[in-house]
Amino acid sequence: MDFSMSQEQNMFKRETIDFIRNNLNLEEFYEKYSPEMWQKVAEFGLLGITIGEEYGGLNESYLTAAIIFEAFGYACKNNGFTFVINNHIWVSQNLIYLYGARFLKDKYLKLMVSGERIGAIAITEVEAGSDALSMHARAEKDDQGYVLNGNKMFISNGPIADIFIVFAVTEHSQPKKITAFVVEREFKGVKIGKEIGKMGLNACPTSEVIFNNCYIPKENVLGQYNQGELLLTYALEWERFYEFVPHIGVMQRIMEQCSEHVRTRKQFGIIIGDNQSLSHKIAEMKVAIEMSKQMMYKIAWLKDCGKTAFTETSIFKLYVSENYIKTCRDALQIFGAYGYTKEYDIERELRDALACSIYSGTNEMQKNTIYKMLSFI
Ligand SMILES: Cc1cc2nc3c(=O)[nH]c(=O)nc-3n(C[C@H](O)[C@H](O)[C@H](O)COP(=O)(O)OP(=O)(O)OC[C@H]3O[C@@H](n4cnc5c(N)ncnc54)[C@H](O)[C@@H]3O)c2cc1C
């Protein structure tokens, strides 16, 4: 297996890092969404990284996309903004591109790739979190389309999104049948709830989204009618990969910050890095980054071969998130009281990181999945 990067990949990576450092690390937007930054990313071309050229995309491989989004996490100190971009690309636009009918692709993709429309995904409900399939939102069929009723909770990009991939029950059988729909914010009966205050990732606004007799034309079914459960599985596979790839880059950035700190900060007349208890923390960060990257390359390869990576993405999500949180927690300890202050950013990194053991399916649920999948290996 060849692990070397091509010249083009190296160049694209360097250009991405330069672009991000020059445009996206504005402190005033670390805790609030910036439409100007969104526009800049769209103009740089990243939104359509794996989308075909006919829709304005770059048609890059999944491996190249992984390399670029790892670099994105490394260069971009605004983790909330990275989350906005990834929600748009991988669990909204990408689903239309891969599983949508021609009509949906023609209607939405160019606008999403150019950044004129922002995407989001709406699965979770107040009473249906980990047990997403117990959802209550329902879409009743008539001659022309569907009438959607229900409330979706914790929707990332909710307050800024124009296009929602919404999952709802379409047959009340046992088990229930679910269908995915492409719903525009402008459809009658769509209401965006108030922004939900969060501990971190604040550059990514979150809200409830309410559907009250919302009429959806029949052409806006995504994938097959009553086959939403399968589509949900695909969606989560993409999410558990590409939303966690940037975290590897973040770990690298934090590790470098920590290495620099332990080499310059002196206590008891020696640099604090001379204490094994601290240098080992940094060694553990390095091990986690390397192990995460190996898994990243494997999953990107599976995706480029058109193969499923259901168990692999669960393992990846679990491993990366646990180590991302540990890295931030250890960084706080390494920086001492300075890490606890607003000045050093480490406290924000930790607040941002903590959510990743919850979104995309909690880590407990990943362990359930991994254990269950053992019987298929
Ligand atoms: C920052 C953030 C962004 C999000 N963005 C979106 C979004 O864009 N779209 C969307 O639809 N949703 C989104 N979510 C919601 C997310 O998917 C849910 O929070 C998640 O699936 C867990 O559901 P819950 O919060 O209701 O927790 P619960 O399901 O109530 O779980 C509570 C606890 O119980 C544990 N638990 C539950 N069942 C089991 C079990 N069978 N075995 C072991 N442990 C179990 C869980 O692991 C967890 O620790 C987001 C959440 C966060 C934090």
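Going by the annotation in an unreviewed UniProt entry, the name recorded for the protein chain is Acyl-CoA dehydrogenase, with Lacrimispora algidixylanolytica given as the source organism. Here the protein chain is described in UniProt, under the heading Cofactor (unreviewed entry), as follows: "FAD". According to its UniProt record, the protein chain has this under Pathway (unreviewed entry): "Amino-acid degradation; L-valine degradation."

*Asks:* I tried to follow the UniProt feature "domain: Acyl-CoA dehydrogenase/oxidase C-terminal" (unreviewed entry) in the protein chain on my own but got confused; where do I start?
*Replies:* As annotated in UniProt, the feature "domain: Acyl-CoA dehydrogenase/oxidase C-terminal" (unreviewed entry) corresponds to residues 227–373 in the numbering used here. The distance separating the terminal C-alpha atoms of residues 227–373 is 21 Å; by composition the span is 78% helix and 3% strand.

*Asks:* What am I meant to see in the layout of surface pockets here?
*Replies:* Think of a ball as big as a water molecule: rolled over the atoms, this probe shows where empty space is left. Of the volumes computed, that of the largest pocket is approximately 1,400 Å³. If you trace the largest pocket, you find 43 residues lining it, with Gly-129, Ile-358, Ser-360, Gly-361 and Thr-362 closest to the centre. Only α4 (79–99), β3 (145–156), α6 (228–242), α10 (346–354) and α11 (363–373) provide two or more residues apiece to the lining of the largest pocket. Across the lining of the largest pocket, the residue classes break down as 21 nonpolar, 14 polar and 8 charged. Counting only domains with at least three residues in the lining of the largest pocket, you end up with domain 2 (119–225) and domain 3 (244–376). Roughly 260 Å³ of internal volume is contained in the second largest pocket. Considering the residues around the second largest pocket, the lining is formed by 13 residues, among which Tyr-30, Lys-342, Glu-343, Asp-345 and Arg-348 are closest to the centre. Those elements that place two or more of their residues in the lining of the second largest pocket are α7 (245–264) and α10. Summarising the domain contributions, the lining of the second largest pocket has at least three residues from each of domain 1 (7–113) and domain 3 (244–376).

*Asks:* Looking at this structure, how should I read the domain arrangement of the protein chain?
*Replies:* Bring the parts together and some accessible area is lost; that lost area is often taken as the interface size. We note that the domain assignment places domain 1 (7–113), domain 2 (119–225) and domain 3 (244–376) within the protein chain. Here the C-alpha centroids of domain 2 and domain 3 sit 32 Å apart. Buried surface at the junction of domain 2 and domain 3, both sides included, amounts to about 480 Å², of which 65% is carbon and sulfur. For the domain 2 face of the interface with domain 3, the top three residues by lost area are Ser-130, Met-199 and Leu-201, together amounting to 87%. In this assembly, domain 2 and domain 3 are joined by 0 salt bridges. If you look at where domain 2 meets domain 3, you find 2 residue pairs in polar contact (both at pLDDT 80 or more). Its residues assigned to classes, the side of domain 2 that touches domain 3 comprises 2 nonpolar, 3 polar and no charged.

Criteria and cut-off values
Residues numbered from 1 in each chain as written. Predicted model: local features only at pLDDT ≥ 70, side-chain atom pairs only at ≥ 80, totals over all residues. Heavy atoms only, no water. UniProt positions renumbered as here; feature names shortened; annotations may be inferred. Helix = DSSP H or I, 4+ residues; strand = E, 2+ residues; numbered from the N terminus. 1 Å grid on protein atoms, 1.4 Å probe; cavity = no way out; pocket = protein on both sides within 12 Å on 5 of 7 lines; lining within 4 Å. Points joined across faces, edges and corners; volume = space filled by probe spheres on them. Nonpolar A, V, L, I, M, F, W, Y, C, P; charged D, E, K, R; others polar. Domains from an automatic or database assignment. Buried area = accessible area lost by both parts, 1.4 Å probe. Salt bridge = Lys/Arg side-chain N within 4 Å of Asp/Glu carboxyl O. Polar contact = N/O pair within 3.5 Å; in protein donor to acceptor, adjacent residues only side chain to side chain.

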